[in-house]
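So you can see what is in the structure, the chains are spelled out below.
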Amino acid sequence: MTTVKEMQRKPDSASPSRIAALGYAAQSPTSPLAPFRFERREPGPRDVQIEIQYCGVCHSDLHTVRNEWKGTVYPVVPGHEIIGRVTQVGKEVKDFKAGDLAGVGCLVDSCRTCASCRENLEQYCDVGFTLTYNSPDPHTGGVTYGGYSNRIVVDQHFVLRIPEKLNPAAAAPLLCAGVTTYSPLRHWGVGPGHKVGIVGLGGLGHMGVKFARAFGAEVVLFTTSPGKTEDARRLGAHEVVISRDPAAMAAHANSFDFILNTVAASHNLDPFINMLKRDGTLCLVGAPETPHPSPGVLGLIFRRRRLAGSLIGGLKETQEMLDFCGQHGIVSDIEMIPIQGINEAYERMLKSDVKYRFVIDMGSLAKDERRER
Ligand code: NAP
Ligand code: ZN
Ligand code: ZN
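From a predicted model like this one, the values you see are computed outputs, not experimental measurements. (Residues numbered from 1 in each chain as written. Chains lettered and ligands numbered in written order. Predicted model: local features only at pLDDT ≥ 70, side-chain atom pairs only at ≥ 80, totals over all residues. Heavy atoms only, no water.)

## Observations concerning the coordination of the zinc ion (ligand 3)
The coordination sphere of the zinc ion (ligand 3) contains the protein donors Cys111 (SG), Cys114 (SG), Cys117 (SG) and Cys125 (SG), at a distance range of 2.3 to 2.4 Å. Taken together, the four donor atoms surrounding the zinc ion (ligand 3) define angles of 105 to 119 degrees at the centre, an arrangement classified as tetrahedral. Mapped onto the sequence, the residues coordinating the zinc ion (ligand 3) show the spacing C-x2-C-x2-C-x7-C. With Cys111 in the loop between strand S6 (107-109) and helix H3 (115-118) and Cys125 in the loop between H3 and strand S7 (130-131), the pair connects residues that are 14 residues apart, well separated along the chain. (Donors = N, O, S within 2.8 Å, 3.2 Å for Na, K, Ca; no water. Tetrahedral: all angles 85-135°; square planar, octahedral: opposite > 155°, others 65-115°. Helix = DSSP H or I, 4+ residues; strand = E, 2+ residues; numbered from the N terminus.)

The following block contains the structure:
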């Protein structure tokens, strides 16, 4: 690793056409995140360079850092809920200029030509997309590094416009938690007259509650944490059910049009399937390390219920979601942390103790710059 001291002795030590960057990386599944120096590409004609101000902390970051989904390449710099100011744009970039507030979510590239990409569903790219971190990086030949860092360079197609009236720190989680809940709620047409369940009140779940309420549905929040009841109501739930209480669960049998499950751990899905009406859908967005036990087949056969999944959202829909949030004043409820607090934040996230999204104030990275001088 090149240290900041070395960078200062050799100010041009970043390779030609590369930009020096500082972030936090994990070096192995068991090591804490710590300062890490690396390089970004110089912006090309279609690229936007962003100085990162805030980055949300998604449970997917933790799954990846600890190699729970396998395939993590170390060192890994997580972070895909990125907000910052544009500092430079390539000559073909029309929609962004220096000084603009901009966002980057989970994707930084896709093939652009397959059927899914042509339908603005880049998240389902048939050829394979490039994730913001832990993906092979076609530009550098290495791996992509995410938003727990001071700057990033991204193709304009994958950069989002952030409504200026939103608090930028609280808007950061919209880039993943926001669109991951907005997209399935829209896809399944959630609206007035629908009874909708949201399972788990974490980063995704609390955005799911806000969107389902904003779309006009009757919203029931399922939680394993009785202490979150009051917050859930404040966030927009009409009713809160403790999912470990079988009697409370049974009272809702056969009554839901749609349930969105955001839980990050393996659990029994049958109680939720049995709460669906005929033709109702249970959509999974939570992606636990180990699979859920297989649901009972009869619960699906009787009443023609459906079990589904959904992955983040395409770029067009992410922009639509951000604009919707701008119009309706919707942001995430956040706890701001300095980057030096990230390892402790992960421990709290594992205990479901987040209200309701950690966001890193990336200005805090300056402390590590100074420390290494
Ligand atoms: P989070 O903030 O940690 O929230 C997860 C919530 O699940 C917790 O707050 C807790 O809510 C509930 N929970 C945790 N352990 C549980 C258990 N053992 N049994 C029942 N409930 C439990 O995580 P997040 O950032 O929202 O992410 C949630 C999941 O979605 C992760 O697996 C993440 O990787 C995945 N994800 C998927 C996509 C996608 O595109 N599909 C995108 C982003 C994230 P209560 O305290 O209310 O019970
Ligand atoms: Zn995420
Ligand atoms: Zn494609």
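## Some words on the pairing of strand S14 (residues 276-284)
Pairing of strand S13 (residues 256-261) with S14, which is carried by five bridges, proceeds in the parallel orientation. When the sheet's bridge partners are listed, Phe256 is paired in S14 with Leu276. In this structure, S14 lies alongside strand S15 (residues 306-309), joined through four bridges in parallel fashion. By the bridge assignment, Thr281 is partnered in S15 with Arg306. (Pairing = 2+ DSSP bridges.)

## Looking at the layout of surface pockets
In this approach, a probe sized like a water molecule rolls over the atoms, and the result shows the empty space that is left. Each pocket or cavity is described by its volume, and for the second largest pocket that value is around 300 Å³. Around the second largest pocket, the lining comprises 20 residues; the ones closest to its centre are Arg40, Arg41, Asp137, Thr140 and Thr144. Here the lining of the second largest pocket takes four residues from strand S8 (residues 151-155), the largest share from any one element. Grouping the amino acids of the lining of the second largest pocket by side-chain chemistry returns seven nonpolar, six polar and seven charged. (1 Å grid on protein atoms, 1.4 Å probe; cavity = no way out; pocket = protein on both sides within 12 Å on 5 of 7 lines; lining within 4 Å. Points joined across faces, edges and corners; volume = space filled by probe spheres on them. Nonpolar A, V, L, I, M, F, W, Y, C, P; charged D, E, K, R; others polar.)

## Points about helix H5 (residues 177-187)
Counting buried positions over the eleven residues of H5 gives nine, a clear majority of the element. Those residues of H5 that sit buried are Ala177, Gly178, Val179, Thr180, Thr181, Tyr182, Ser183, Pro184 and Leu185. Here the buried face of H5 lies against strand S10 (195-199), helix H6 (203-214), S13, S14, helix H11 (315-328) and strand S17 (357-361). Gly189, located one to two residues past H5, shows a positive phi value of around 65 degrees. (Buried < 20%, exposed > 50% of the residue type's maximum accessible area, 1.4 Å probe, protein only. Contact = heavy atoms within 4.5 Å.)

Everything listed here is a matter of geometry and, on its own, says nothing about what the molecule does.
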